[in-house]
Amino acid sequence: MIGKIAVIGGGNIGGVCVSEIASRRLARKAALVDIKEPDFAKGKCLDIAEGNAVIGSDVIMEGSKSYEVIEGADFVINTAGVPRAVRPDGTFPSREELLATNLKITDAVAAGIKQYAPDAFVISVANPLDAIVYRLYLQLKEQIPKTKIMGMAGVLDSARYKYFVAEAAGVSVENVEAVVLGGHGDTMVPIRSACRIYGLPVTKFVSESDLAAIETRTRKAGGEVVGLLGSGSAFVSPAWSALDMLESIAYDKKKITPVCALLDGEYGVDNLFVGVPVVLGKAGIEKIIEIDLTDDEKAALQNSVDAVSKTCAEVDKTAI
Ligand code: APR
């Protein structure tokens with residue numbers, strides 16, 4: 001059993017993470033940090049701890065405004081940061097527009113991890129995803145190897161793609177295999193050539209034009225939820241996706257999972273965090289899988305990498 005899972009940021013995503021950790025009995029202890037007054041994290045943990053007596057869960061819940069509470073954590077899930085929200089005129093910002101605010105928050109998160117949980121696996125969810133993980137890595141690379149720092153985006157983007165394909169084909173989501181690569185922005189790349197239903201090419205079940213519409217919807221799926229919610233962004237599916245990654249590592253499943261990982265020449269990319277399939281096991285990112293892509297998919301991936309690179313250049317300009 002995992003000793004301790006720390007969740008940083010106890011808002012919408014962090015809140016689902018801690019309640020799932022309790023109900024799935026994933027660890028002996030769950031620690032939650034949130035700076036929100038008067039003592040939001042403590043309140044959230046007390047609520048769950050009281051509920052634990054209803055469901056028979058013995059996970060010990062500890063919430064605090066101080067990072068001390070994450071001491072010795074085996075895993076840190078980072079959800080600290082402002083989400084996208086609809087503006088009064090009905091538009092909403094891109095994930096990249098959150099960068100300035102969320103970078104400052106990320107530096108506080110990194111300092112907390114460095115001091116109290118330098119041996120943890122770090123799974124980051126805050127946006128803009130690829131740039132925030134890059135910053136965490138720059139801050140933590142002396143303590144934590146690149147195999148243990150990763151971003152959650154591909155699990156969610158691929159789940160959205162799977163769901164839309166399953167719905168169009170009229171089959172179970174369990175029969176659909178689908179992957180989305182690249183940055184977690186509007187340039188992300190659903191890989192049609194790797195999309196299968198019951199092991200067969202997806203085009204046997206869904207027309208090319210319907211697939212094109214599904215892929216566009218997938219790229220904009222986060223925004224679709226933002227627009228419908230009216231306040232904040234998707235939170236249940238991102239939390240479940242982060243926990244899927246955590247379980248793959250904790251149970252040494254060696255599941256091939258799309259993860260935002262530091263590339264070192266794979267897919268022709270150097271020193272950038274980008275969404276690619278990896279083997280996730282007890283050592284974290286145990287292997288990066290390079291899949292064959294069509295020429296169009298290669299070009300789309302390059303376009304997405306260029307977008308990530310542009311946002312990371314902004315990160316580089318902001319002194320640590
Ligand atoms: N340390 C700890 N918690 C913090 C800090 C910090 N330095 N700064 C902010 N927080 C907390 C906020 O107080 C808030 O409770 O992070 C929480 C974020 O919660 P929400 O606003 O509900 O945002 P959420 O929907 O959970 O999304 C979090 O993940 O998907 C991304 O775009 C999303 O960047 C956003 C992040």
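### Focus on the overall build of the protein chain
Counting its regular elements, the protein chain contains nine helices and 14 strands. Against the compact-globule benchmark of 20 Å for 320 residues, the protein chain has a radius of gyration of 19 Å, which places it among compact chains. Projected onto its principal axes, the C-alpha coordinates of the protein chain cover approximately 50 × 45 × 45 Å. Relative to its full complement of 320 residues, the protein chain shows a buried share of 52%. Considering only contacts within the protein chain whose residues lie at least 6 apart along the sequence, 71% involve residues at least 24 apart. Carbon and sulfur atoms make up 53% of the accessible area of the protein chain, which totals about 14,000 Å². Charged side chains in the protein chain number 34 positive and 42 negative. The centres of these two groups are separated by 2 Å.

### Some points on the environment of Glu62
Here Glu62 lies in strand β3 (residues 60-64). Among the residues examined, Glu62 registers a relative accessible area of 27% and is labelled partly exposed. Separated by 77 residues in the primary sequence, Glu62 and Gln139 have C-alpha atoms spaced 26 Å apart. Each residue touching Glu62, except ones within four places of it in the same chain, is listed here: Lys4, Lys29, Ala30, Ala31, Leu32, Cys45 and Val69.

### Topic: the nonpolar core
With 89 residues, the main nonpolar core has Ile5, Ile70, Ile77, Ile113 and Leu246 as its most contacted residues. At eight residues, helix α4 (residues 129-140) tops the list of elements feeding residues into this core. In this structure, this core is formed jointly by two domains, domain 1 (2-151) and domain 2 (154-317), each of which donates at least three residues. For Ile113, the contacting residues outside a window of four places in its chain are Ile8, Ile70, Val76, Pro118, Val122, Leu140 and Ile144.

### With respect to the domain arrangement of the protein chain
By a widespread convention, an interface's size corresponds to the accessible area lost as its parts come together. Split by domain assignment, the protein chain resolves into domain 1 (2-151) and domain 2 (154-317). For domain 1 versus domain 2, the distance between C-alpha centres works out to 22 Å. Taken residue by residue, the interface counts 40 residues in domain 1 and 47 residues in domain 2. Taken together, both faces of the contact between domain 1 and domain 2 bury some 3,600 Å²; the carbon and sulfur share is 70%. When the buried area of domain 1 at its contact with domain 2 is split by residue, Arg95, Asp130 and Tyr134 rank highest and sum to 19% of it.

### Focus: the packing of helix α5 (residues 154-169) against helix α6 (residues 208-219)
For the pair α5 and α6, the least separation of the axes is 9 Å and the interaxial angle reads 150°. Between α5 and α6 the crossing geometry is right-handed. When α5 is examined against α6, the residues Asp157, Tyr161, Phe164, Val165, Glu167 and Ala168 are found in contact with a partner set consisting of Leu211, Ile214, Glu215, Arg217 and Thr218. Its residues assigned to classes, the contact of α5 with α6 shows six nonpolar, one polar and four charged.

### Observations concerning the sheet that holds strand β10 (residues 196-197)
What the three strands build is an open sheet, ordered β7-β10-β11; its pairing is antiparallel. Strands with a single pairing partner mark the edges of an open sheet, and in this sheet they are β7 (176-177) and β11 (200-201). Relative to β10, β7 runs antiparallel, the two being bridged by two bridges. The residue bridging Val176 from the neighbouring strand is Ile197, located in β10.

### Side note on the packing of α4 against helix α9 (residues 295-317)
At a closest axis distance of 9 Å, the pairing of α4 and α9 adopts a crossing angle of 40°. The orientation of α4 with respect to α9, classified from their angle, is oblique. Note on packing geometry: the crossing formed by α4 with α9 is right-handed. Contact residues: Asp130, Ala131, Tyr134, Arg135 and Leu138 in α4; Val308, Thr311, Cys312, Val315 and Asp316 in α9. Considering only residue class, the contact of α4 with α9 consists of six nonpolar, one polar and three charged.

### Comments concerning the site of the ligand
The environment of the ligand is formed by 21 residues, the closest being Asn12, Ile13, Asp34, Tyr67 and Val82. Between an oxygen atom of the ligand and a main-chain N or O atom of Asn12, the distance comes to 2.8 Å. Here Val82 contributes a backbone N or O atom positioned 2.9 Å from an oxygen atom of the ligand. Considering the ligand on its own, with 730 Å² of exposed area, one finds that the protein chains cover 88% of that surface. When residues of the shell around the ligand are traced back to their parent elements, those giving at least two are α1 (12-23) and α3 (99-116). It is α3 that contributes the most residues to the shell around the ligand, three residues altogether.

### Overview of empty space enclosed by the protein
The final tally for this structure, using the stated rule, is one cavity of 30 Å³ or more. There is about 40 Å³ of room inside the largest cavity. In this structure, the largest cavity is lined by Ala153, Gly154, Asp157, Val180, Leu181, Gly182, Gly183, His184, Met188 and Gly275. Contributions of two or more residues to the lining of the largest cavity are made by α5 and β8 (180-181). Its residues placed into classes, the lining of the largest cavity shows four nonpolar, five polar and one charged.

The rules behind each value
- Residues numbered from 1 in each chain as written.
- Predicted model: local features only at pLDDT ≥ 70, side-chain atom pairs only at ≥ 80, totals over all residues.
- Heavy atoms only, no water.
- Helix = DSSP H or I, 4+ residues; strand = E, 2+ residues; numbered from the N terminus.
- Rg over C-alpha atoms; globule rule 2.2 N^0.38 Å.
- Buried < 20%, exposed > 50% of the residue type's maximum accessible area, 1.4 Å probe, protein only.
- Contact = heavy atoms within 4.5 Å.
- Areas by Shrake-Rupley, 256 points an atom, 1.4 Å probe, with all protein chains shown as cover.
- Lys, Arg positive; Asp, Glu negative; His and termini not counted.
- Charge placed at Lys NZ, Arg CZ, Asp CG, Glu CD.
- Core = buried A, V, L, I, M, F, W, Y, C linked by side-chain atoms within 4.5 Å.
- Domains from an automatic or database assignment.
- Buried area = accessible area lost by both parts, 1.4 Å probe.
- Axes fitted to C-alpha atoms, helices over the stretch in contact; angles between N-to-C directions.
- Left-handed = near helix turned anticlockwise from the far one by under 90°.
- Nonpolar A, V, L, I, M, F, W, Y, C, P; charged D, E, K, R; others polar.
- Pairing = 2+ DSSP bridges.
- Parallel < 35°, antiparallel > 145°, perpendicular 65-115°, else oblique.
- Near = heavy atom within 4 Å.
- Polar contact = N/O pair within 3.5 Å; in protein donor to acceptor, adjacent residues only side chain to side chain.
- 1 Å grid on protein atoms, 1.4 Å probe; cavity = no way out; pocket = protein on both sides within 12 Å on 5 of 7 lines; lining within 4 Å.
- Points joined across faces, edges and corners; volume = space filled by probe spheres on them.

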